[in-house]
Amino acid sequence: MSKGMGSRGGGFEGARIDRARLWESLETMARIGPGVAGGCNRQALTDEDRAGRDLFVGWARECGCDIQIDEVGNIFARRPGSDPDAAPVLAGSHLDTQGSGGRFDGVYGVLAGLEVVRTLRDLGITTRRAIEIAVWTNEEGCRFAPAMLGSGVVAGVYTRDFAYASTDKSGRRFGDELARIGYRGTLPAAPRPYAGMFEVHIEQGPILEHEGITIGVVTGIQGAYWFDVTLTGQSCHAGPTPMQMRRDPWRAAIEIIGGVFALVAQNGPLARCTFGDMKAEPGARNTVPGLLRFPIDLRHPDPQVLAAMVASMHALIARACQQHGITPTVEQVWHMPATRFDAALVDIVDAAAAHLGYSRRHMVSGAGHDSLHTAQFAPTAMIFVPCAGGLSHNEAEDATPEDLAAGANVLLHALLQSANT
Ligand SMILES: [Zn+2]
């Protein structure tokens, strides 16, 4: 009889992770670099980050993993498979936190991967492909900019030396701090062949909790653009100057802002715009401002729709400014490309959630993740679980042991499926 390793058969249907052990590991990790309000402060390449990494490495070795560390400190804990020539599958996320971060953001993805490996050991299951757990360096970007740096170097978005040269507020260099904590490895920070990568993460938004759904089958990450807009008119006295003789940048600004909100409404529920700031110069209540400065944050999961939104925004700004005698400058300061995850892996996640009987829905991630980078060199998908109030990047971040176990079980079955084909 065939062992049926390629199907969800093979005797693995009943496999489940240990909910209490996963929760306890999360609690133990959260005690390293505790925050001031019940969360965590374990920023990248600090002594706390080192202690968290050491704890993980010890745990991974205990359950039969070999450890490799690359030049930018990414950790790969590898549980060998039966076929040493087959490309491994990977579960990864990050252990660093914001300065006032939560106990689950990133950490959950790493420790759920560890819990899967512990479960496989307990059940005596050897997969055909090796399973690797990745800890990506400096995902948060709060100490060293930019965010998602470790996975970005592997993906070729940034060079290793660019990462090394990044400095924190006190002038300490990433490269030096990495060496100081003992995690400057020798493995080249470059893509290696992988059959698939899965990142399980708290949603960091309110949708799953609001809809009472356990598993988010994540189909991609929305793209984003940041623009800095400056509208130049002419400042003058608020009293004597007749309205029709003013070059008031607010006239253009209200059309632009209203127009962008309308544009987003036309592009459906997945489009987003945010005007997070507004500065008037010289900034006096009885002076028509000569200058208005404000950012525009535009997002959509479909790259073509997003590109069309950006083009419409530019046209809108040009039209409004021309009409009111205003000179605009629009500077693009950041772009996060929209990412579509691998359709076959998304199906594997969906099937695993269905097999386990969890409620689920397809969704797009509103936040960036290391998976955005790994999707550039390996088939990638993500699994979301609800978090309380949709809150994240906040010490009050919370999730239930049940939901966390559900996500880890989906990860287990997704890994069993992809590591045995
Ligand atoms: Zn994260």
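Below is a summary of the structure that appears in this document. (Residues numbered from 1 in each chain as written. Predicted model: local features only at pLDDT ≥ 70, side-chain atom pairs only at ≥ 80, totals over all residues. Heavy atoms only, no water.)

Where side chains of opposite charge bring their charged atoms close, a pairing between them can arise. In the structure shown here, the tally under the stated rule is 24 salt bridges. The residue Glu 132 makes a salt bridge to Arg 78 at a minimum N-O spacing of 2.9 Å. With a gap of 54 residues between them, Glu 132 in strand 4 (residues 131-135) and Arg 78 in strand 2 (residues 75-79) connect regions that are remote in the sequence. Here Glu 132 falls in the buried class, since its relative accessible area comes to 1%. A relative accessible area of 25% places Arg 78 in the partly exposed class. Between Asp 302 and Arg 340 there is a salt bridge, with the nearest N and O atoms lying 3.8 Å from each other. In this pair, Asp 302 is assigned in the loop between strand 12 (291-300) and helix 9 (303-323) and Arg 340 in strand 14 (residues 339-340), connecting sequence segments 38 residues apart. For Asp 302, a relative accessible area of 22% gives the class partly exposed. (Salt bridge = Lys/Arg side-chain N within 4 Å of Asp/Glu carboxyl O. Helix = DSSP H or I, 4+ residues; strand = E, 2+ residues; numbered from the N terminus. Buried < 20%, exposed > 50% of the residue type's maximum accessible area, 1.4 Å probe, protein only.)

Counted under the stated rule, the structure contains eight aromatic pairs. Centroid distance Phe 76 to Trp 136: 5.6 Å. Interplanar angle 85°. Geometry classified as edge-to-face. Here the residue Phe 76 occupies a position in strand 2, and Trp 136 occupies one in the loop between strand 4 and helix 4 (149-154), the gap between them amounting to 60 residues. Exposure remark for Phe 76: the relative accessible area of 4% places this residue in the buried category. Look at Trp 136 and you get buried, because its relative accessible area is 3%. An aromatic cluster of at least three residues, connected via ring pairs, comprises Phe 261, Phe 275 and Phe 294. It is Arg 53 that lies over the ring of Tyr 183; its NZ or CZ is 5.0 Å from the centre. Seen from the ring of Phe 76, Arg 192 lies directly overhead, with NZ or CZ sitting 4.6 Å from the centre. (Phe/Tyr/Trp six-rings, centres within 6.5 Å; stacked < 30°, edge-to-face > 60°. Lys NZ or Arg CZ within 6 Å of the ring centre and 35° of its normal.)

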